[in-house]
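# Coordinates in review
In case you want the letters, here they are:
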Amino acid sequence: MKRALFIVGLLSLTSVFFYSCNQNPSTESASATTETGVASGDLKVAFVYTDSVINKYDLFKKKSEEITEKGRKFEGDLQSRARGFEQEVATFQQTGGNMTPNQQRAKQEELMQKEQNLMTYRNNLMQELSADEATLYNEVYDQVQTYLNEYAKEQGYDVILSYTRGGAMWYASEAMDITTAVVEGLNKKYNQGSTPAPAAKSDSTATK
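Residues numbered from 1 in each chain as written. Predicted model: local features only at pLDDT ≥ 70, side-chain atom pairs only at ≥ 80, totals over all residues. Heavy atoms only, no water.

## Digging into the overall build of the protein
Rules: Numbered from the N terminus, helices here are DSSP runs of H or I no shorter than four residues, and strands are runs of E no shorter than two. Residue burial is assigned from relative accessible area. The probe radius is 1.4 Å, only protein chains are included, and a residue is buried under 20% of its type maximum, exposed over 50%, and partly exposed in between. Contact criterion: two residues are considered in contact whenever any of their non-hydrogen atoms come within 4.5 Å of each other.
Each helix and strand counted, the protein has six helices and two strands in total. Going from N to C terminus, the protein has its helices and strands arranged as α-α-β-α-α-α-β-α. In the protein, which comprises 208 residues, the proportion classed as buried is 28%. Considering only contacts in the protein between residues 6 or more positions apart, those separated by 24 or more positions represent 81%.

## Digging into the pattern of salt bridges
Test applied: Take a side-chain nitrogen of Lys or Arg and a carboxyl oxygen of Asp or Glu: if they are within 4 Å of each other, that pair is a salt bridge.
The full count for this structure, using the stated rule, is eleven salt bridges. A salt bridge links K70 to E128; the shortest N-O distance between them is 2.8 Å. Of this pair, K70 sits in helix α4 (residues 58–95) while E128 sits in helix α5 (residues 101–155), placing them 58 residues apart in sequence. What makes K70 partly exposed here is its relative accessible area of 26%. When salt bridges that share partners are traced, they join E88, K107, E110 and K114 into one network.

## Details of the pairing of strand β1 (residues 45–49)
Under the convention used in this document: What makes two strands pair is DSSP finding at least two bridges between them.
Among the five residues that make up β1, four are buried, leaving the element largely enclosed by the rest of the structure. The sheet contact formed by β1 and strand β2 (residues 159–163) spans five bridges and is parallel. When the bridges of β2 are listed, Y49 appears paired with Y163.

## Some words on the nonpolar core
Looking at soluble globular proteins, one finds that nonpolar side chains tend to be buried together. For clarity, the cut-off: We define the nonpolar core as a collection of buried residues of types Ala, Val, Leu, Ile, Met, Phe, Trp, Tyr and Cys that are connected through side-chain atoms lying within 4.5 Å of one another.
With 26 residues, the main nonpolar core has I160, I178 and V182 as its most contacted residues. Of all the secondary-structure elements, those providing two or more residues to this core are β1, α3 (50–55), α4, α5 and α6 (179–192). Considering every element that reaches this core, the biggest residue donor is α5, with ten residues. Excluding its chain neighbours within four sequence positions, the residues that come into contact with V182 are V48, V53, Y147 and L148. Grouped together as the second largest cluster of nonpolar side chains are six residues, F47, Y49, V159 and M169 included.

## Focus on the packing of α4 against α5
This is how it is decided: An axis is simply a line fitted to the C-alpha atoms; with a helix, the fit covers only the stretch in contact. Between two such axes, the angle follows the N-to-C directions and lies from 0 to 180 degrees. Oblique is the label for any angle not under 35 degrees, not over 145, and not in the 65 to 115 range, which are roughly parallel, roughly antiparallel and roughly perpendicular in turn. Nonpolar residues are Ala, Val, Leu, Ile, Met, Phe, Trp, Tyr, Cys and Pro. Charged residues are Asp, Glu, Lys and Arg, and all others, Gly as well, are polar.
Packing of α4 against α5 leaves a shortest axis separation of 11 Å and a crossing angle of 175°. Judged on the interaxial angle alone, α5 and α4 are roughly antiparallel. Here the contact of α4 with α5 is composed, by residue class, of 17 nonpolar, five polar and 14 charged.

Set out below in structure tokens:
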């Protein structure tokens, strides 16, 4: 598959801003801050390597292989049609001298139309593959998002960030990396066809 079309941001990066002020029991705003605010020391934050989550998710691997195989079939069909067209052009070049001018002109127009049809067919195949890829990524995004919501609630995380090269997050402690646990949980859920509880965080560091 054309990976250049694939890799898009899978998880949105969550930015958390903390507002602190001297509490004043006599004001409603101070009371609201006390009731709803979250102190920085109370936040439980983790991150995942986005590319690893995508590429190691069994659903993505299976369906991307299907799209790749579909692309191979399209390519074979397109090459077969192209060879047939080239042979027809070669035949015309060899025998066209025996035709009348009107016959030559008609054959040239016919070949030009067949060439245009071949190009249109090729473009349609490429658009179909691109649509398949986009559909796959949307499906993966939805399932990962749903799973991370479950995982965060189960494990008590307030924020789960997405790490991508060139993204907004430049550094995070490896102790916050839950990539392996997320991939294992996603694959367990997918392969069982059920909704198991999220896996506990692995002690090992995910392969980047």
